[in-house]
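Overview (structure and organization)
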Amino acid sequence: MTLLVFIVSLVGAMAIGVPVAFSLMFCGVVLMWFMGMFNTQIIAQNMIAGADTFTLLAIPFFILAGELMNAGGLSRRIIDFAIACVGHIRGGLGIVAIMAAIIMASISGSAAADTAALAAILIPMMAKAGYNVPRSAGLIAAGGIIAPVIPPSMAFIVFGVSANVSITQLFMAGIVPGLMMGIALIATWLIVVRKDKVQALPRTPMKERMRVTGRALWALGMPVIILGGIKAGVVTPTEAAVVAAAYALFVGVFIYRELSLQELPRVILQAAKTTAVVMFLVCAALVSAWLITAANIPAEITGYIEPLIDRPILLMFVIMLLVLVVGTALDLTPTILILTPVLMPIIKQAGIDPVYFGVLFIMNTCIGLLTPPVGVVLNVVSGVGRVPLGKVTIGVMPFLAAQVFVLFVLVLFPDLVIVPARWLH
């Protein structure tokens, strides 16, 4: 009965248009009332405790790093570098999109920001070269969701705090699956683009290629500093976020000189607005998480799926299908915050590696960014690239299928995540 109260109160609030953060708080209040323990101090204490976490400081700094990267010209130079390397290949601009998406993912970790930067630059270029525009927009959207999987990732930070799992281990475990997502997209693109009569860009002369690479070195050095520092144990993920923001600011202002000091307040304000939304969601979700534990909801769910506890692969299949369905209706962060406290006790009871589960869970929630009716990344591409949302939705389908295929390959073969993660860590 407690599970039913939880689901009805949460879904009901969201169905009538209540924002997700307030829906989570309302759900908590209803659970307290149902259990006869209503106390406003529980809400206040859990929200304050949720915000007072050193690890969560990484979120505002990674968001700021992403804003500074786009405003300071780092994103454009990464795209120029990718064009110089593979732009002359047939279908090369699609490969450029995925190469740039992977490199940018290892800097900012924000799907929306990376997708907006890629769409603004590449969609007009691809249209001019004769590519199918909706399909090109779909590819860029699918490439954008790699950002929360390859470290540094705000999604991993939120999950790590919610599930009490090592963020450093999550970061290292996300590298290989993120690269697999990129390879699957390139392979799918090369298959579907064969029917298009496209014009390849002229081959970049070696001298020009060296010049473009030299101009991009400062941008390309950013992921090396972030991941290298974390891997070497020099910085924690939170400290790496501070370093990333400071580095992006230095390069944008003093090296590329595209970010003026007059523009800096606007960039900081935009980062602060995004941070406020994410942090309020986290704080509100921790109220529900505390009450989910108090109401023993995970044990209630475990009772329904007890036959699957001893069959971890089948259990993972069922959970991944559940998350795919939820992802069609919820954005990435709310999905993580709502489902993590419910699913983690089940995962631990089944003996599934929490880091492995975390990587697949985040991959799955990222796929939700491509699925209507919410499809945040689809809306970003549609708005920035000025392509009707319905056409983008059709264009993304082959690439959405490729991402789902990679997800379930990793469900069947856990060692593809676990072994590289242990080696990298």
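Residues numbered from 1 in each chain as written. Predicted model: local features only at pLDDT ≥ 70, side-chain atom pairs only at ≥ 80, totals over all residues. Heavy atoms only, no water.

A few words on the overall build of the protein. The secondary structure content of the protein amounts to 20 helices and zero strands. On C-alpha atoms alone, the protein measures out to a radius of gyration of 22 Å, which is about the 22 Å that the 2.2 N^0.38 rule sets for 425 residues. Judged by the C-alpha coordinates and their principal axes, the protein covers about 70 × 45 × 45 Å. Burial analysis of the protein (425 residues in total) assigns 57% to the buried set. Considering only contacts in the protein between residues 6 or more positions apart, those separated by 24 or more positions represent 79%. For the protein, the computed accessible surface area is about 17500 Å², with 69% contributed by carbon and sulfur atoms. Here the protein contributes 22 positively and 15 negatively charged side chains, and the mean placements of these two sets differ by 17 Å. (Helix = DSSP H or I, 4+ residues; strand = E, 2+ residues; numbered from the N terminus. Rg over C-alpha atoms; globule rule 2.2 N^0.38 Å. Buried < 20%, exposed > 50% of the residue type's maximum accessible area, 1.4 Å probe, protein only. Contact = heavy atoms within 4.5 Å. Areas by Shrake-Rupley, 256 points an atom, 1.4 Å probe, with all protein chains shown as cover. Lys, Arg positive; Asp, Glu negative; His and termini not counted. Charge placed at Lys NZ, Arg CZ, Asp CG, Glu CD.)

To continue, consider the nonpolar core. Counting residues in each nonpolar core, the largest one holds 165 residues, and the members touching the most others are F159, F357 and L360. Sorting elements by how many residues they give to this core places helix 13 (residues 264–294) first, with 13 residues. Ignoring anything within four residues of it in the chain, the contact list for L360 reads M316, M320, L407, L410, V411 and V417. (Core = buried A, V, L, I, M, F, W, Y, C linked by side-chain atoms within 4.5 Å.)

With 16 residues, helix 15 (residues 312–327) extends 22 Å between its outermost C-alpha atoms, agreeing within 8% with the 22 Å of an ideal straight helix rising 1.5 Å per residue. All of the buried residues along helix 15 are L315, M316, I319, M320, V323, L324 and G327. Among the structural elements, helix 16 (332–349), helix 17 (354–367) and helix 19 (389–412) are those in contact with the buried residues of helix 15. (Expected span 1.5 Å × (residues − 1).)

Here the focus is the pattern of salt bridges. Side chains carrying opposite charge are able to pair once their charged atoms draw close together. Under the criterion given, the structure shown has five salt bridges. A salt bridge links E258 to R77; the nearest nitrogen and oxygen atoms lie 2.8 Å apart. In this pair, E258 is assigned in the loop between helix 12 (237–255) and helix 13 and R77 in helix 5 (residues 74–86), connecting sequence segments 181 residues apart. In this structure E258 comes out as partly exposed when scored by relative accessible area, which is 30%. Judged by relative accessible area, R77 falls into the buried class, the value being 6%. Here E263 ties to R266 by a salt bridge, and the two come within 2.8 Å at their closest N and O atoms. The class for E263 is partly exposed, based on a relative accessible area of 25%. On the basis of relative accessibility, which here comes to 48%, the residue R266 falls in the partly exposed class. Here the residues in one salt-bridge network are R76, R77, D80 and E258, joined through shared partners. (Salt bridge = Lys/Arg side-chain N within 4 Å of Asp/Glu carboxyl O.)

Let's shift gears to the packing of aromatic side chains. Under the criterion given, the structure shown has 11 aromatic pairs. Ring geometry for F156 against F171: centres 6.4 Å apart, planes inclined by 50°, an arrangement best described as tilted. Taken as a pair, F156 in helix 9 (residues 154–163) and F171 in helix 10 (residues 167–192) lie far apart in primary sequence, 15 residues in all. The residues F156 and F171 share a single accessibility class, namely buried. Ring plane angle 15° and centroid distance 5.2 Å describe the contact between F317 and F408, whose orientation is recorded as stacked. In this pair, F317 sits in helix 15 while F408 sits in helix 19, placing the two residues 91 residues apart along the sequence. Given a relative accessible area of 14%, F408 falls into the buried group. Grouping aromatic residues by their ring pairs yields a cluster made of W218, Y247, F250 and F254. (Phe/Tyr/Trp six-rings, centres within 6.5 Å; stacked < 30°, edge-to-face > 60°.)

Extensive coverage of helix 9 is indicated by the burial of eight of its 10 residues. Residues M154, A155, F156, I157, V158, F159, G160 and A163 constitute the buried set of helix 9. The distance from a side-chain oxygen at the start of helix 9 to the backbone nitrogen of A155 is 3.3 Å, and the residue carrying that oxygen is S153. Remark: N164 follows helix 9 within two positions and exhibits a positive phi of approximately 55°. (Polar contact = N/O pair within 3.5 Å; in protein donor to acceptor, adjacent residues only side chain to side chain.)

Two numbers describe how helix 5 lies on helix 11 (residues 206–231): the axes approach to 8 Å, and their chain directions differ by 135°. Here helix 5 lies oblique to helix 11, going by the angle between them. As for the relative orientation of helix 5 and helix 11, their crossing is left-handed in sense. Across the interface between the two elements, L74, R77, I78, D80, F81 and A84 from helix 5 touch R209, V212, T213, R215, A216, A219, L220 and M222 from helix 11. The residue inventory of the contact of helix 5 with helix 11, partitioned by class, reads nine nonpolar, one polar and four charged. (Axes fitted to C-alpha atoms, helices over the stretch in contact; angles between N-to-C directions. Parallel < 35°, antiparallel > 145°, perpendicular 65-115°, else oblique. Left-handed = near helix turned anticlockwise from the far one by under 90°. Nonpolar A, V, L, I, M, F, W, Y, C, P; charged D, E, K, R; others polar.)

Here we take up the environment of A295. Following the sequence through the fold, A295 ends up in the loop between helix 13 and helix 14 (297–304). Taking relative accessible area as the criterion, A295 reaches 14% and is therefore assigned buried. Between the C-alpha atoms of A295 and G395, which are 100 residues apart in sequence, the distance is 44 Å. When near neighbours in sequence (up to four residues on either side) are disregarded, A295 contacts T2 and M35.

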